[in-house]
Amino acid sequence: MIEEGRALFLQIAESVEDSIVDGSLPEEAKAPSTNELAAFYRINPATAAKGIAMLTDKGVLYKRRGIGMFVAAGARELLLTERRTAFAARYLDPLLAEARKIGLDADDLGRLLAERASRLDGSATDAATLTEGTAR
Amino acid sequence: MTAVIEVNSLTKRYRDTIAADNVSFTIEKDTIYGLLGRNGAGKTTVMSILTAQNFATSGDVRVFGEHPYENSKVLSRLCFVRESQKYPDDATPAHAFRIARLFYPNWDQDFAERLIDDFQLPLKTRIKKLSRGQLSAVGVIIGLASRAEITFFDEPYLGLDAVARQIFYDRLLEDYARHPRTIILSSHLIDEVSNLLEHVIVIDRGRILIDDSTEALRGAAATIVGDAAAVDAFTAGREVIHREALGRVASVTVLGELTADDLARLTDAGLDVGPVSLQQLIVRLTQAAGGAAAEDATASREPSLDIESATLDKEAQR
């Protein structure tokens, strides 16, 4: 789960952000404590604390004295905006670089993307019908 | 931050070998340190001097601001788990724990009993008859349950299997979170412990090679892989600590964090960037320092160290 070569506290912060983005850690819910994160990822508590401090500075978490850290209102929207901004650099640039290496241009990529997306949507619908079927 | 240990220009000489060569560093309160380095680098010597079990040839050592020698005010707050701890012939683990309980003011008997359970340690067997791993478990239990303000673990894991080592790391982290204290852990299994450490001190041939936070060291180097000419063009002017080539492909490890510009240049040049683990970084830096020392005519190396260096090379290539 932990990658080499990238600051650990960033990875810890991202793991908490992931839970907020996917909704498993809703706004105003209690965030995992420094010690919980340290035990779960088997890392030094000071590192986990640094990750939490970063999220507090960003306004994603806030502190309730004597109780712990909580997810701030608007945190999810904040993170979504941030991730959408970073999306192209993080995912598209490496994709384009690899495509160029193997002789695919932007049009080829567009076609591939549409094809894959329709297949993914298809299987999602299939899954939905299946669950409905079993429910019935 | 408060320093609990201050070491200034510490030198320790054994006849013609220098085990510690003008070493200076500080240890901050309530922090987990890794004291890393190869066999014979001087780790145990430094820890023995800090715990007053050995004498410095010159230099100044302060623990809690005082000299540790025959200073019970200091020594009662320290616990040193030695790799080769000797016990009386007919002693059992039960005896060892009873003595530890008398000796360490913060001893937690419940915690000790839980650890005895975790490690499935037989209490009534004579220590002489224990396996190497069980012997290590005795030391680990004393080190953890003593909750001393400064605890030194000198390669505490010898003979412990992977499960037992994980138990040690987990209990150490849990208990440190509840009862913060200063831990100095010396280890060869750098990858295994790197995430536990907040700060790393690497000793090589009696000198400090690295003294930095683990976080800073994580991004301190990168390996660039790809067409040899392109790799060399990119790494020109950077501090190269390792280079290997296979046909036209080169893999070069450089020091220094890569900027966004660097990364863009690498992508454009079709080069790959690989992370460098703390263990790889230390192996590379130790080798680089070793190469520099070998060129130095005054440096003489014992033949036994060369065998280890070959093993390290092999491990690094894996």
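Residues numbered from 1 in each chain as written. Chains lettered and ligands numbered in written order. Predicted model: local features only at pLDDT ≥ 70, side-chain atom pairs only at ≥ 80, totals over all residues.

Right, let's talk about the overall build of chain A for a bit. Counting secondary structure elements, chain A contains five helices and two strands. Taken from N to C terminus, the helices and strands of chain A fall in the order α-α-α-β-β-α-α. Pairs at least 24 apart in sequence give 56% of the contacts found in chain A among residues at least 6 apart. (Helix = DSSP H or I, 4+ residues; strand = E, 2+ residues; numbered from the N terminus. Contact = placed C-beta atoms within 7 Å.)

So, on to the interface of chain B and chain A. Each side of the interface is counted separately: chain B has 20 residues, and chain A has 20 residues. Put simply, the parts of the chain that give the side of chain B that touches chain A at least two residues each are α6 (162-178) and α8 (214-218) of chain B. Broken down by element, the side of chain B that touches chain A gets its largest block of residues, six residues, from α6 of chain B. Partitioned by chemical class, the residues of the side of chain B that touches chain A number 10 nonpolar, five polar and five charged. (Nonpolar A, V, L, I, M, F, W, Y, C, P; charged D, E, K, R; others polar.)

Further remarks concern the sheet that holds strand β8 (residues 199-204) of chain B. All names here are of chain B. Strand order in the open sheet made by the six strands is β5-β6-β7-β3-β8-β9, with mixed pairing throughout. The sheet terminates laterally at β5 (78-81) and β9 (207-213), the two strands that pair on one side only. On average, adjacent strands in this sheet sit at an angle of 15° to one another, irrespective of strand direction. Note that strand β6 (residues 150-154) and strand β7 (residues 182-187) share five bridges and pair parallel. Across the sheet, F152 pairs through a bridge with I184, a residue of β7. (Pairing = 2+ DSSP bridges. Axes fitted to C-alpha atoms, helices over the stretch in contact; angles between N-to-C directions.)

All names here are of chain B. Its place among the elements puts D170 in helix α6. Residue D170 is classed as partly exposed on the basis of its 14 C-beta neighbours within 10 Å. Note: C-alpha distance between D170 and L196 (26 residues apart in sequence) is 9.5 Å. (Buried ≥ 20, exposed ≤ 12 C-beta atoms within 10 Å, placed from the backbone.)

A word on the sheet that holds strand β2 (residues 17-28) of chain B. Residues and elements named next belong to chain B. Strand order in the open sheet made by the three strands is β2-β1-β4, with antiparallel pairing throughout. At either margin of the open sheet sits one strand with a lone partner, and together these are β2 and β4 (58-63). The sheet shows a mean angle of 15° between the axes of neighbouring strands, taken without regard to direction. Bridging between strand β1 (residues 3-14) and β2 involves eight bridges; their strand directions are antiparallel. Its bridge partner being in β2, K12 is matched across the sheet by A20.

Quick look at the domain arrangement of chain B now. All names here are of chain B. As assigned here, chain B comprises domain 1 (3-216) and domain 2 (218-317). Summarising the inter-unit geometry, the C-alpha centres of domain 1 and domain 2 are found 31 Å apart. Each partner contributes residues to the interface: domain 1 has 15 residues there, and domain 2 has 12 residues. Elements represented by at least two residues in the side of domain 1 that touches domain 2 include exactly α7 (190-193), β8, β9 and α8. Residue contributions to the side of domain 1 that touches domain 2 peak at three residues, all from α8. In terms of residue class, the side of domain 1 that touches domain 2 is made up of six nonpolar, four polar and five charged. (Domains from an automatic or database assignment.)

Here we come to unusual backbone geometry. Negative phi is the rule for most residues except glycine; trans is the rule for most peptide bonds. All names here are of chain B. Unusually for a residue other than glycine, D30 sits at a positive phi of about 55°. Structurally, the position occupied by D30 is in the loop between β2 and β3 (32-36). Notably, Q120 is not glycine yet its phi reads approximately 50°, a positive angle. By the secondary structure assignment, Q120 is in the loop between α4 (109-118) and α5 (132-145). The class for Q120 is exposed, based on 10 C-beta atoms found within 10 Å.

The subject of this paragraph is the nonpolar core. Residues and elements named next belong to chain B. Residues Y33, A137, I141, I184, L185, I224 and I282 are the most contacted members of the largest nonpolar core, which totals 98 residues. Tallying contributions element by element places α5 first for this core, with eight residues. Residues in contact with I184, not counting those within four places in the same chain, are I27, Y33, L35, M47 and F152. (Core = buried A, V, L, I, M, F, W, Y, C linked by C-beta atoms within 7 Å.)

Our focus in this paragraph is helix α4 (residues 75-101) of chain A. Residue and element names in this part refer to chain A. For α4, with 27 residues, the first-to-last C-alpha span of 39 Å sits near the 39 Å given by 1.5 Å per residue. Counting buried positions along α4 gives one out of 27 residues, so the element sits mostly on the surface. A positive backbone phi angle near 80° is found at G103, which sits one or two residues after α4. (Expected span 1.5 Å × (residues − 1).)

Let us now look at the confidence of the model for chain B. Looking at chain B as a whole, its pLDDT mean stands at 89, while 92% of the residues score no less than 70. Contacts for the low-pLDDT stretch residues 297-318 of chain B, under 50 throughout, to residues beyond four places or in other chains number 10 contacts. (pLDDT = per-residue confidence, 0-100.)

Attention now goes to the packing of α5 of chain B against α6 of chain B. A packed helix pair is summarised by two numbers, namely the angle formed by the two axes and the spacing between the axes. All names here are of chain B. Axis separation between α5 and α6 bottoms out at 11 Å; the angle between their running directions is 0°. With respect to each other, α5 and α6 are oriented roughly parallel. Listed contacts from α6 to G133, A137, V140 and L144 of α5 are A164, F168, R171, L172 and D175. (Parallel < 35°, antiparallel > 145°, perpendicular 65-115°, else oblique.)

So, about the environment of A289 of chain B. In this structure, A289 of chain B sits in helix α11 (residues 278-295). Expressed as a C-alpha distance, the spacing of A289 of chain B and L209 of chain B, which sit 80 residues apart in the sequence, is 8.2 Å.

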